[in-house]
Amino acid sequence: MKKLAICAFLVISSLLSAQEKNKYAQDYTKYPNLALTPPMGWNSWNKFACNVDENLIKEIADAMVSTGMRDAGYTYINIDDCWHGDRDANGFIHPDPKRFPSGMKALADYIHSKGLKIGIYSDAGALTCGGRPGSRGFENQDAKTYADWGIDYLKYDWCSSESLSAEGAYKTMAAALKRAGRPIVLSICEWGDNKPWDWGKNIGHLWRTTGDIYNCFDCIEDHGTWKSFGVLQILDKQEGLRKFAGPGHWNDPDMMEIGNGNLTAGEERAHFSMWTMLAAPLIAGNDIRNMNAETLQVLTNKKVIAVNQDKLGVQGLKYKDDGDFEIWFKPLENGDWAVAFLNRNATPKTYNFDWKNNQFTDDEVSKLTFNSSNQNYSIENLWTDKKMGNTNKSFKFTVPGKDILMLRLSPAN
C-alpha cells in the first residue's frame, strides 16, 4: 500500500507540474474563419512607396466606391510602409503626426464608413524596409494598438530580421494578434525565403512566395543585393506550391501591377487572369483615382473575379507547357472548370484543342476529373462575355501576343 501511495503521489505531482508548465502556453495560431477566399483590396506600395498620408488613403477609399471596385469585391485599403511616427515612453507606436494628423482610429472609422476594411504594415525586425520602427520586441503592444485602432489586416515584412527564426517571429505576432482580441488577417511577407508554405498554414492567412514584383511583364530588375521580378517570372516561381493553398491559407505571388503604366492591355489581362487562376490575393497596386477605362475593366471583370473567389478554393494547375504557350485548368464549384491559354510570346498563337483527347484527374489537390467524353461542357469566354459552343467539338482559336484566352466550362444538360 505504501508503494501504491507513493506512485499515486508521483503521478499527481507530475500532472500538476505539467499543468503548471502549460498554463503560460500561448496560442500561436491565426484568427480562424478569415480570408476563406483570397483577400481582395488595394495596397499603397507599388505606386506610392513611402509617399502616403491620410488624404491619399481617404481619396483611395472614395475611389474604391465610386469606380465600382468595392462592389466588384475589393475590400481592403492597405497602408504599406512609412506611416509610422515614434514610439512613446511606454513603447506604443503612433502614426506620423504630419502625414496622419487625425490619427489611425479616425482614418479606420472613415474607411469602415465606406463599407471597406483597413490594413496596415509592420515588420518582424527592429526596422521596417523603409527605416521606420519595426515590431521586434513590441509585438504585443503593436497588436493591441492595431486592435484599438480598428485595423483589419496586417502585412508583416521581414527586413532587419537578422538572426530571427521566421516561423518563430510570425508565431509571436500571430499570438499577439490573437491576444489583442480583434480578428485581423495576417499576411506573412518574408518573400518565400524560409518556405512559409511548409509552416504558415496555421499562423497566417497568406504568405508571399517570392521577392517583390516589378512593373514589367517579362523581365528581372537587379538591385545588386536583391532582385525584383516581372509577372511571368513571378508566375514561374509558383511551381510546386498549389498543394499548400486553400480556404484561409493562400500562396501570395505579390500585389498586382495592373494600371501602373508599363503593361499593354493584353499583358494586363494575362496578369489578372493568371492571378485569378492561382487563387492569389487580388491586391491592386495602382492609383485607382486615375485609371483608364481598360484598366478598370480588367480589375472589375466579375466573371474573372468569380474564378478567383470560387469557394472550392483550389489553386489552378499547369496542364501543358509548350514553352511560350501554356494551358492551365482550375476546378470550380458545381463541376465547372476555368481554363486559361497563356501566350507568353509576342507573336500570335493559333491552336486547336481537342477536349476529348485531353482528360486528366487532379490527383494532387481536388481529386476531380476533367473528362469531356463523359460530360459535355458549355464554353464561355470570360473576357468577351460570349458563348463559344461546347466541348463536343475541338476548339480552334488564336491568342494575340502576350495575351490570354480565359474560359469557363460549365456542365451542359
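Residues numbered from 1 in each chain as written. Predicted model: local features only at pLDDT ≥ 70, side-chain atom pairs only at ≥ 80, totals over all residues. Heavy atoms only, no water.

The protein chain goes by Alpha-galactosidase in an unreviewed UniProt entry, where it is assigned to Kaistella treverensis. Its UniProt record gives the protein chain the following Catalytic activity (unreviewed entry) comment, quoted word for word: "Hydrolysis of terminal, non-reducing alpha-D-galactose residues in alpha-D-galactosides, including galactose oligosaccharides, galactomannans and galactolipids." Quoted verbatim from the Sequence similarities (unreviewed entry) field of UniProt, the annotation for the protein chain is "Belongs to the glycosyl hydrolase 27 family." (UniProt positions renumbered as here; feature names shortened; annotations may be inferred.)

The next thing to look at is the sheet that holds strand 20 (residues 386–390). If you trace the 6 strands from one edge of the open sheet to the other, you get 13-14-15-22-19-20, paired in antiparallel fashion. Looking at which strands have only one partner, the edges of the open sheet turn out to be strand 13 (317–321) and strand 20. Each strand axis lies, on average, 25° off the axis of its neighbour in the sheet, ignoring direction. Strand direction decides the pairing type here: strand 15 (residues 337–343) and strand 22 (residues 403–411), joined by 7 bridges, are antiparallel. Residue pairing across strands places Asn-343 opposite Asp-403, the latter belonging to strand 22. (Pairing = 2+ DSSP bridges. Helix = DSSP H or I, 4+ residues; strand = E, 2+ residues; numbered from the N terminus. Axes fitted to C-alpha atoms, helices over the stretch in contact; angles between N-to-C directions.)

Next up on the list: the packing of aromatic side chains. This model, assessed by the stated rule, comprises 26 aromatic pairs. Taking the centre distance of 4.9 Å and the plane angle of 75° together, the rings of Phe-329 and Phe-360 count as edge-to-face. Here Phe-329 is found in strand 14 (residues 325–331), whereas its partner Phe-360 is found in strand 17 (residues 360–361), with 31 residues between them in sequence. Its relative accessible area of 0% is what places Phe-329 among the buried residues. Judged by relative accessible area, Phe-360 falls into the buried class, the value being 12%. Lying over the aromatic face of Tyr-110, Lys-58 brings its terminal NZ or CZ to 5.2 Å of the ring centre. The lysine or arginine in question, Lys-349, covers the ring of Phe-325, its NZ or CZ lying 5.8 Å from the ring centre. (Phe/Tyr/Trp six-rings, centres within 6.5 Å; stacked < 30°, edge-to-face > 60°. Buried < 20%, exposed > 50% of the residue type's maximum accessible area, 1.4 Å probe, protein only. Lys NZ or Arg CZ within 6 Å of the ring centre and 35° of its normal.)

The gaps of empty space that remain are located by a probe, the size of a water molecule, rolled over the atoms. Each pocket or cavity is described by its volume, and for the largest pocket that value is around 300 Å³. Cys-129, Asp-157, Trp-191, Asp-212 and Trp-226 are, among the 18 residues lining the largest pocket, the residues nearest its centre. Residues belonging to the lining of the largest pocket are distributed by class as follows: 8 nonpolar, 1 polar and 9 charged. (1 Å grid on protein atoms, 1.4 Å probe; cavity = no way out; pocket = protein on both sides within 12 Å on 5 of 7 lines; lining within 4 Å. Points joined across faces, edges and corners; volume = space filled by probe spheres on them. Nonpolar A, V, L, I, M, F, W, Y, C, P; charged D, E, K, R; others polar.)

Pairing of strand 13 with strand 14 involves 4 bridges; the strand directions are antiparallel. The partner of Leu-317 across the bridge, within strand 14, is Phe-329. Once strand 13 ends, the chain turns through 3 residues before running back antiparallel as strand 14, passing Gly-323 with a positive phi of about 80°.

This part is about empty space enclosed by the protein. A complete count under the given rule lists 2 cavities of 30 Å³ or more for this structure. Asn-43, Asn-78, Tyr-153, Lys-155, Ser-187, Cys-189, Leu-206, Arg-208, Asp-252, Asp-254, Met-255 and Ile-283 together form the lining of the largest cavity. Counting residues per element, the ones that place at least two in the lining of the largest cavity are strand 6 (153–157) and strand 8 (206–208). By volume, the second largest cavity amounts to about 30 Å³. Lining the second largest cavity are Thr-29, Lys-30, Tyr-31, Ala-174, Leu-177, Lys-178, Ile-184, Leu-186, Ile-203 and His-205. Of all the elements, helix 7 (residues 166–180) adds the most residues to the lining of the second largest cavity, at 3 residues. Its residues assigned to classes, the lining of the second largest cavity comprises 6 nonpolar, 2 polar and 2 charged.

Tallied over the full model, the rule gives 27 salt bridges. For Asp-148, the salt bridge is made with Lys-144, and the minimal N-O distance between the two is 2.9 Å. On the criterion of helical spacing, the pair formed by Asp-148 and Lys-144 is a turn pair, its members being 4 residues apart in helix 6 (residues 139–149). Residues joined by salt bridges that share partners form a network here, namely Asp-236, Glu-239, Lys-318, Asp-321, Glu-326 and Arg-344. (Salt bridge = Lys/Arg side-chain N within 4 Å of Asp/Glu carboxyl O.)

For helix 3 (residues 54–66), with 13 residues, the first-to-last C-alpha span of 18 Å sits near the 18 Å given by 1.5 Å per residue. All buried positions along helix 3 are accounted for by Glu-54, Leu-56, Ile-57, Ile-60, Ala-61, Ala-63 and Met-64. Looking at the buried residues of helix 3, the elements they touch are strand 1 (40–43), helix 2 (45–48), helix 4 (69–72), strand 2 (76–78) and helix 5 (104–113). At the N-terminal boundary of helix 3, the capping side chain belongs to Asp-53, with an oxygen 3.1 Å from the backbone nitrogen of Asn-55. Count one or two residues on from helix 3 and you reach Gly-68, which has phi positive near 90°. (Expected span 1.5 Å × (residues − 1). Contact = heavy atoms within 4.5 Å. Polar contact = N/O pair within 3.5 Å; in protein donor to acceptor, adjacent residues only side chain to side chain.)

Time to look at the state of the cysteines. Scanning the model with the defined rule gives 3 disulfides in all. Two residues share a disulfide in this structure: Cys-129 and Cys-159, whose sulfurs sit 2.0 Å from each other. Measuring the twist about the S-S bond at about 95°, one finds the Cys-129-Cys-159 disulfide to be right-handed. A residue pair is termed long-range when its members are at least 10 positions apart, and Cys-129 in the loop between strand 5 (117–123) and helix 6 and Cys-159 in the loop between strand 6 and helix 7 qualify at 30 residues. Using a relative accessible area of 39% as the deciding quantity, one classes Cys-129 as partly exposed. Among the cysteines of the protein chain that take part in disulfides, numbered as they appear in the sequence, the pairing is 1-2, 3-4, 5-6. For the unlinked cysteine Cys-189, the closest cysteine sulfur is that of Cys-129, found at 7.2 Å. (Disulfide = S-S within 2.5 Å.)

Attention now moves to the nonpolar core. Core analysis: the biggest nonpolar cluster contains 84 residues, and Tyr-74, Trp-83, Phe-272 and Trp-275 have the highest contact counts within it. Broken down by element, this core gets its largest block of residues, 7 residues, from helix 7. Each of domain 1 (40–309) and domain 2 (317–411) gives at least three residues to this core. Apart from the residues within four sequence positions on either side, Tyr-74 is in contact with Met-40, Gly-41, Met-64, Met-69, Leu-116, Met-256, Phe-272, Leu-282, Leu-299 and Ile-305. (Core = buried A, V, L, I, M, F, W, Y, C linked by side-chain atoms within 4.5 Å. Domains from an automatic or database assignment.)

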